[in-house]
Amino acid sequence: MPKIEFIDPKVERQSGEIKLDPIPVNQYSKSIEDEKLNFTKDEFIRIYRDMVIIREFENMINDIKIKSEYNGIAYNHPGPAHLSIGQEASAVGMAYHLDAEDYIFGSHRSHGEILAKGLSVINKWNDSQLMEVMKGYWDGATLRPVEKGIRAR
Amino acid sequence: MAEAVIMPRQGQSVESCIFSEWFFKVGDKVSKGDMLFTYETDKAAFEQEALVDGVLLATFAKEGDEIPVLETIAVIGAEGESIDEFAPGGKATVQTASDPHDEVKEDKAPEIQQPIAEVSAGKDSAISPRAKNLAAKEHVSIEHLKGTGPEGRIIERDVEAAAKNRTKATPLAKSIAAHDHKELPATGTGFGGKIRAADVKQMPSVTLANDFTDKKISNIRKIIAQNMYESLANTAQLTLHTSADARKMLSIRNAMKSKMADGYAYNITINDMVSFATIRALIVNPEINIHFMGDSIRSFSNVHLGFAVDTPRGLMVPTVKNANHLTIEGLSATMKELAGACQKGSVNPESLQGATFTMTNLGGFGIEMFTPVLNPPQAGILGVNTITQQAAQLEGGAFGFIPKIGLSLTFDHRALDGAPAARFLQSVAHHIENLSI
Amino acid sequence: MNDLAIDFLLYGTLAEIFARENGFNKGLGGSMHAFFTPFGVYPNNAIVGGSGDIAVGGALYKKVNKKPGIVVANIGDASMGCGPVWEGMVFSSMDQFRLLWEGEFQGGLPIIFNFMNNQYGMGGQTRGETMGYDVLARVGAAFAPYQMHTERVDGYNPLAMIDACGRKKKILEEKKGPVLLDTLTYRFSGHSPSDASSYRTKEEIEAWQNVDSIIDYGQSLVKAGICSQSDLDEIKANTVGKVEKVLKLASSDDISPKMNLYANPRAIEEVMFTNGSVDSFDDREPEVNMPMEENPRVQQIAKKERFGLKDGKEVSKMKAYQLRDGLFEAIVDRFYKDATCIAYGEENRDWGGAFAVYRGLTEALPYHRLFNSSISEGAIVGTAVGYALCGGRVIPELMYCDFLGRAGDEVFNQMSKWQAMSAGYLKMPIVMRVSVGSKYGAQHSQDWSSLVAHIPGIKVIFPTTPYDAKGLLNAALQGTDPVMVFESQRLYDIGELFHTAGVPEGYYEIEIGDPDVKRAGKDITILTIGSTLYTAIEAAKTLEEKYGLSAEVIDARSIVPFNYEKVIESVKKTGRIVLASDACERGSVLKEMAQTISETAFDYLDAPPVVVGSRNWITPAYELEEFFFPQKQWILDAIHTKILPLEGHEPKHDFSSKEQLRRSKLGV
């Protein structure tokens, strides 16, 4: 109850000063060697892969917007596409420790964050968890084209 | 592009016409085919349709004006178009659409509306959809309804009142009226036109009332009045009466009716048959088929049969030219066509001239005998009466009743004497009784 | 399987960007509103800083409902200029979480405000031009003594970012949130592909490209012997193949059709509302302080007269079951049913709400279910949006309708949109209460129900009797859609004067959208919204007594949705209708209703429907309110002048068309 938070004029009127703690700026200074204790080889590589996926996905959209084609695949996308090419490390780093129970909310420039978070969860989940979600989502409408595509390849 | 409306030429001899009435106001929209105005010649009244769509921009004629034919009397065009080029050199009254802004000013309503301002609902007054539907359902004419809604709008209650109150009165008003032996007035001052006791009390006393209204007569009425008066004042006319056995005609009429049921196209009436018989009689009695010119008599080799037609505008007498050349079917059709044109006001003035003898029929009204008035310079006019049952000796020597049609011949004693006139009338009766067609 | 899942992720996202029905949100979200909640990816937001308060609601949901996990608001550096972001940070760092919330609920909210600091906001450079923080991280020091654990991290080094986020996540798990991260980064691409980047130099872009995190990191992996360059090249080649594949799939009209609105013209209509009926969003036992029957307010209400008339006379205010009691009963019932249900506003706890609706709730509920919030209308609604999106029921309250402007984006762009932009996947069970004031002048007396009704996606109700208040609020609290509840301050103490059986003690619902005939009549219909009902009843009495007209009075009760059946039926009978409410006349939703009536019942109308609203002025002082709000005389004058001249009536106010046009010409 706020009533127990007594606002005491004696205390309130005392003179003094506010001391702020130092604010860390870019304090991280470890090398890959240092981090070898914390990451496996696969984990190191996966971090790279996730950044590349995001970069390529956005490069593709950039090409579609600017040239209306990507690697010979023509398409015209009239809608918006706010890209974050260059920001992949932030997205992947942000999402790395997050699982599905951790929620992210984004902005107009969040393709990278969506993918990074999704990739992080995919990496943490087992096959049956993944399959259950993918099959259940819109009754598998999103999954079906992808499955077919894999068979076709 | 605005277009002029001109006074039409009605026959070669007509130089000018009397303008009667506009059916539209300046500023109204008119459509091609709408009845635009009426006018009259000395012989007939006519209606003229609009020939183009548009807004009636200006009118240059008013009732009673004598307008030379082919002169511009109005302009129809698009709203706002100039009418300058059409205005007749300042002679006629130029009435143009008033500026709509002025109208708004004139229309200036008081800041706060007066309660229940009864505004007479003319043709253009607004009516609510609900009232309109109710009027259609209840067969209430909205033409003369007074709108009691906002700004004179006809609303549901107005139609309801009209439907219920064709003579709706309060019980008190009814009892006062009954006591005083008074007819109820047409409308009252109560809600929705209800007749209240006060309305009955305010009615003028039966004995002291000035019970007349004055109304100017139409031009055609003036012409008829003049012609009739001159006929009686300037000729020596008298009338002979007889009757003819109508059995033959009635049997032909019955035969015709069954023929028509089988598809025969002509509706030959008793009047057609009497006319046909009269034409035959005129051929053999040419001394009455004449014009009496005062110091000469003009004889005609053919019969041009005039016949009187009752029209909403008054009496008109179109002429069947060379009627003696027509079969009864031809005669019947021609007479119907001319009569129809007179009714509509579209008759060609040429058709109203040149008769050598006239027929007039009041038989339809049950008239048994009358004295028709001559149309000078003609010398004869035959009045046809109703058919009555008269006692007569029948073929076997027995007495019985036979249908006889009355005939009343007025003739000008200046032109011929009684005996030839009577002979002619006898001849007519003979042709009726021995009609063969 | 991972491979398939990655394809699924890329395809679902791209199909969404391309507005395809197979997209994560059936193409109704698009690039800026894509999300996939099964992976914990909650909505992105096209409004800069939009997530700044919504994400706080997500964190609130986790805390109140004891759910595992943290929440990250990924927002840009330029959003530091947005009020809702500050409001979100203020809300999230309220002392009460640490000091007043009890037991396991005590402690900070599990949220990271992660500012993706790419140095630019549209054409403005934040540091050096549009901001004054020097280093963004500095801002965190302003919130709470622990300074939001604020820190700048080098977002160009993935390992630095992973390190920072790992540390921050631990802080949140220790209930020491919130956290502020200033993530230093840079985008090579423009704001959008159409952006020529005229606001920055080529040299600057190149300088950042020279330290491209992907190249740098790849090289350091090779250097550290973790993999070879050809491994990296293979990753790249694989990725290109994947991207080509999903592009082919997502751009194909056969494989990935767009929503077919020809085949189903109602496809979007069907997702505007979820129209659910849910007793409780969580199976757990609701946390309450006492059995309901021991609650002093409940005991007090039990003694009241549940019908407001006795022997034809109004029961005294003290004895009557009031409209506020109806609201209270519906709300307290839900608190005892649904463990996720929480309520907050600026004076909800202890005070009992500015208008005593919540009196008794403080005793009934622990702090985490009923609390006072900072005076942050944007965050009050924004956090509610986040709370609801994550699966909880919430009753935010703004004391005055007039404060809606402060929550404009949250109401108009957030609360109203997410159900449809998720193609119905997300629910928005928010019952938002606002009161329409009187007596307090221009900024405390406005009925803005029309503004809200204009925005698609929000249900709007305006109960005016205790019976309707309880029944409608029950329906709102049982539903899954956002409902804005307008309450008139003039009516909080009114008894039930219409429902002769009185207000039922048990639970019942009144269908949202169903108007109610409060007085039957046959000559004219009066349709009202809000407290004008009572003015209309007075007008109806005068019409009857003085002019012999029997008026049918209908209370709209709801504005969105609105079922016209009863109104049209009435108009078919009477042929005439006046619509009245306290909203300013221009743009009033009554005009919309009048228009709909004109279109659907035209042939039955004996006069155009006439709207009587408040003047298009500021609300003047209480002493002058009779010149502003519709009065009985106005209704009679409007009928007399525009619908049906009343015999002997002397109008005092000018309802002529001429005056109407004059006012319109002047905009007043």
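Residues numbered from 1 in each chain as written. Chains lettered and ligands numbered in written order. Predicted model: local features only at pLDDT ≥ 70, side-chain atom pairs only at ≥ 80, totals over all residues. Heavy atoms only, no water.

### So, the overall build of chain A
Then, number 1: Scanning chain A for helices and strands turns up seven helices and three strands.
Then, number 2: Reading chain A from its N end, one meets helices and strands in the order α-α-α-β-β-α-β-α-α-α.
Then, number 3: Its C-alpha radius of gyration of 23 Å places chain A more than 25% over the 15 Å reference for a compact globule of 153 residues.
Then, number 4: Counting only C-alpha atoms and orienting by the principal axes, one finds that chain A spans roughly 80 × 45 × 40 Å.
Then, number 5: Sequence-distant contacts in chain A: of pairs separated by 6 or more residues, those separated by 24 or more amount to 50%.
Then, number 6: Of the roughly 7,800 Å² of accessible surface on chain A, 51% is carried by carbon and sulfur atoms.
Then, number 7: For chain A, the distance from the average site of its 20 positive side-chain charges to the average site of its 24 negative ones is 4 Å. (Helix = DSSP H or I, 4+ residues; strand = E, 2+ residues; numbered from the N terminus. Rg over C-alpha atoms; globule rule 2.2 N^0.38 Å. Contact = heavy atoms within 4.5 Å. Areas by Shrake-Rupley, 256 points an atom, 1.4 Å probe, with all protein chains shown as cover. Lys, Arg positive; Asp, Glu negative; His and termini not counted. Charge placed at Lys NZ, Arg CZ, Asp CG, Glu CD.)

### Focus on the overall build of chain B
Then, number 1: In terms of helices and strands, chain B carries 10 helices and 21 strands.
Then, number 2: Taken across its 437 residues, chain B has 44% of its residues classed as buried.
Then, number 3: Summarising the internal contacts of chain B: among those between residues at least 6 apart in sequence, 62% fall at separations of at least 24.
Then, number 4: Total accessible area on chain B is roughly 23,700 Å²; 52% of this is exposed by carbon and sulfur atoms. (Buried < 20%, exposed > 50% of the residue type's maximum accessible area, 1.4 Å probe, protein only.)

### Points about empty space enclosed by the protein
Empty pockets left among the atoms are what a rolling probe the size of a water molecule brings to light.
All names here are of chain C.
Then, number 1: The tally for this structure, following the rule as stated, stands at three cavities of 30 Å³ or more.
Then, number 2: Of the voids in this model, the largest cavity is the one considered here, and its volume is about 40 Å³.
Then, number 3: Of the residues assigned to the lining of the largest cavity, the class counts are three nonpolar, five polar and three charged.
Then, number 4: Each of two domains, domain 2 (292–488) and domain 3 (517–666), supplies a minimum of three residues to the lining of the largest cavity. (1 Å grid on protein atoms, 1.4 Å probe; cavity = no way out; pocket = protein on both sides within 12 Å on 5 of 7 lines; lining within 4 Å. Points joined across faces, edges and corners; volume = space filled by probe spheres on them. Nonpolar A, V, L, I, M, F, W, Y, C, P; charged D, E, K, R; others polar. Domains from an automatic or database assignment.)

### Some remarks on the interface of chain C and chain A
Then, number 1: Each side of the interface is counted separately: chain C has 114 residues, and chain A has 95 residues.
Then, number 2: In this assembly, chain C packs against chain A so that about 9,900 Å² is buried in total across both faces, 70% of it on carbon and sulfur atoms.
Then, number 3: Applying the counting rule to chain C against chain A returns three salt bridges.
Then, number 4: With a closest N to O distance of 3.2 Å, K236 of chain C and E56 of chain A form a salt bridge.
Then, number 5: Put simply, chain C and chain A have 41 residue pairs in polar contact (both at pLDDT 80 or more) between them.
Then, number 6: No other element matches helix α1 (residues 2–17) of chain C, which puts 13 residues into the side of chain C that touches chain A.
Then, number 7: Of the residues belonging to the side of chain C that touches chain A, the class tally is 64 nonpolar, 32 polar and 18 charged.
Then, number 8: Bridge count for strand β3 (residues 103–105) of chain A against strand β1 (residues 71–76) of chain C is three bridges, and the pairing is parallel. Of the residues in β1 of chain C, the one forming a bridge with Y103 of chain A is V71 of chain C. (Buried area = accessible area lost by both parts, 1.4 Å probe. Salt bridge = Lys/Arg side-chain N within 4 Å of Asp/Glu carboxyl O. Polar contact = N/O pair within 3.5 Å; in protein donor to acceptor, adjacent residues only side chain to side chain. Pairing = 2+ DSSP bridges.)

### Some details on the sheet that holds strand β7 (residues 66–68) of chain B
All names here are of chain B.
Then, number 1: If you walk across this open sheet you meet the four strands as β5-β4-β2-β7, and the pairing is antiparallel. Strands with a single pairing partner mark the edges of an open sheet, and in this sheet they are β5 (45–49) and β7. For this sheet, the mean angle separating the axes of adjacent strands, direction not counted, is 40°.
Then, number 2: For strand β2 (residues 16–22) and strand β4 (residues 35–40), the ladder comprises four bridges, and the chain directions are antiparallel. (Axes fitted to C-alpha atoms, helices over the stretch in contact; angles between N-to-C directions.)

### As for the interface of chain C and chain B
Then, number 1: Across the boundary between the two partners, chain C contributes 29 residues, which contact 22 residues of chain B.
Then, number 2: At the boundary of chain C with chain B, total buried surface from both sides reaches about 1,700 Å², with 50% on carbon and sulfur atoms.
Then, number 3: The three residues of chain C that bury the most area against chain B are D606, P645 and E647 of chain C, which together make up 29% of that side's buried surface.
Then, number 4: Between R576 of chain C and E156 of chain B there is a salt bridge whose closest N-O contact spans 3.2 Å.
Then, number 5: For the pair chain C and chain B, the number of links is nine residue pairs in polar contact (both at pLDDT 80 or more).
Then, number 6: Broken down by secondary-structure element, the contributors of at least two residues to the side of chain C that touches chain B are α19 (565–574), α21 (632–643) and α22 (657–666) of chain C.
Then, number 7: Here the residues of the side of chain C that touches chain B are counted per class, giving 11 nonpolar, eight polar and 10 charged.

### Details of the pattern of salt bridges
Pairing between side chains of opposite charge can happen when their charged atoms approach one another.
Residue and element names in this part refer to chain C.
Then, number 1: Following the criterion strictly, the structure yields 62 salt bridges over all chains and no others.
Then, number 2: Note that E173 is salt-bridged to K169, the shortest N-O span being 3.9 Å. Of the two residues, E173 and K169 are both situated in helix α5 (residues 158–173); the distance of four residues between them amounts to about one turn of the helix.
Then, number 3: Residue class for E173 comes out exposed when judged on its relative accessible area of 53%.
Then, number 4: Classification of K169 by relative accessible area gives buried; the value is 14%.
Then, number 5: We note a salt bridge from D514 to R557, for which the minimum N-O separation is 3.6 Å. Of this pair, D514 sits in the loop between β14 (483–488) and β15 (516–519) while R557 is found in the loop between β17 (551–555) and β18 (558–560), placing the two residues 43 residues apart along the sequence.

### As for the packing of aromatic side chains
Then, number 1: Per the stated rule, a full pass over the model turns up 43 aromatic pairs over all chains.
Then, number 2: Their ring planes at 10° and their centres at 5.3 Å tell us that F355 of chain C and Y492 of chain C sit as a pair that is stacked. Linking F355 of chain C in the loop between β9 (342–345) and α12 (361–364) with Y492 of chain C in the loop between β14 and β15, this pair joins segments that are 137 residues apart in sequence. Residues F355 of chain C and Y492 of chain C agree in their burial class; the two are buried.
Then, number 3: Three or more aromatic residues joined by ring pairs form one cluster here, namely W125, Y137 and W138 of chain A together with F8, F24, F36, F39 and Y425 of chain C. (Phe/Tyr/Trp six-rings, centres within 6.5 Å; stacked < 30°, edge-to-face > 60°.)

### Description of the side chain of R433 of chain C
All names here are of chain C.
Then, number 1: Within the fold, R433 resides in strand β12 (residues 431–436).
Then, number 2: Among the polar contacts listed, one links the side chain of R433 to the side chain of Y358, at a separation of 2.9 Å.
Then, number 3: In this view, R433 contacts L327, I331, V357, Y358, I395, P396, E397, L398, V485, E487 and Y492; residues no more than four positions away in its chain are not counted.

### Brief notes about the nonpolar core
Note that soluble globular proteins tend to have their nonpolar side chains buried in a common cluster.
Then, number 1: Judged by nonpolar contacts, the single largest core of 258 residues is most densely connected at F39, L60, M89, M415, M432, M484 and L543 of chain C.
Then, number 2: Counting residues per element, this core draws most heavily on helix α3 (residues 41–67) of chain A, at 12 residues.
Then, number 3: Setting aside its immediate chain neighbours within four residues, M484 of chain C contacts L404, V411, M415, M432, V434, V452, I458, K459, V460 and I461 of chain C. (Core = buried A, V, L, I, M, F, W, Y, C linked by side-chain atoms within 4.5 Å.)

### Side note on the environment of M272 of chain C
Then, number 1: With respect to the secondary-structure elements, M272 of chain C resides in helix α9 (residues 269–272).
Then, number 2: Distance in space between the C-alpha atoms of M272 of chain C and S416 of chain C is 8.7 Å, their sequence separation being 144 residues.

### Some words on the domain arrangement of chain B
Then, number 1: Per the domain assignment, the segments making up chain B are domain 1 (3–101), domain 2 (116–164), domain 3 (171–201) and domain 4 (220–433).
Then, number 2: Computed from C-alpha coordinates alone, the two centres of domain 3 of chain B and domain 4 of chain B are separated by 51 Å.

### A look at the confidence of the model for chain B
Then, number 1: The pLDDT averaged across chain B works out to 82; a share of 84% of its residues lies at or above 70.
Then, number 2: Residue range residues 90–123 of chain B is modelled with pLDDT below 50. Its contacts to residues more than four positions away, or to other chains, number 57 contacts. (pLDDT = per-residue confidence, 0-100.)

### Thoughts on the pairing of strand β11 (residues 394–400) of chain C
Residues and elements named next belong to chain C.
Then, number 1: Along β11, seven of the seven residues are buried, which leaves the element largely enclosed by surrounding structure.
Then, number 2: Of the strand pairs in this sheet, β9 and β11 are connected by three bridges, and their pairing is parallel. Bridging from a neighbouring strand, I342 pairs with V394 of β11.
Then, number 3: Across three bridges, the pairing between β11 and β12 is parallel. Residue pairing for β12: L398 is matched across the bridge by V434.

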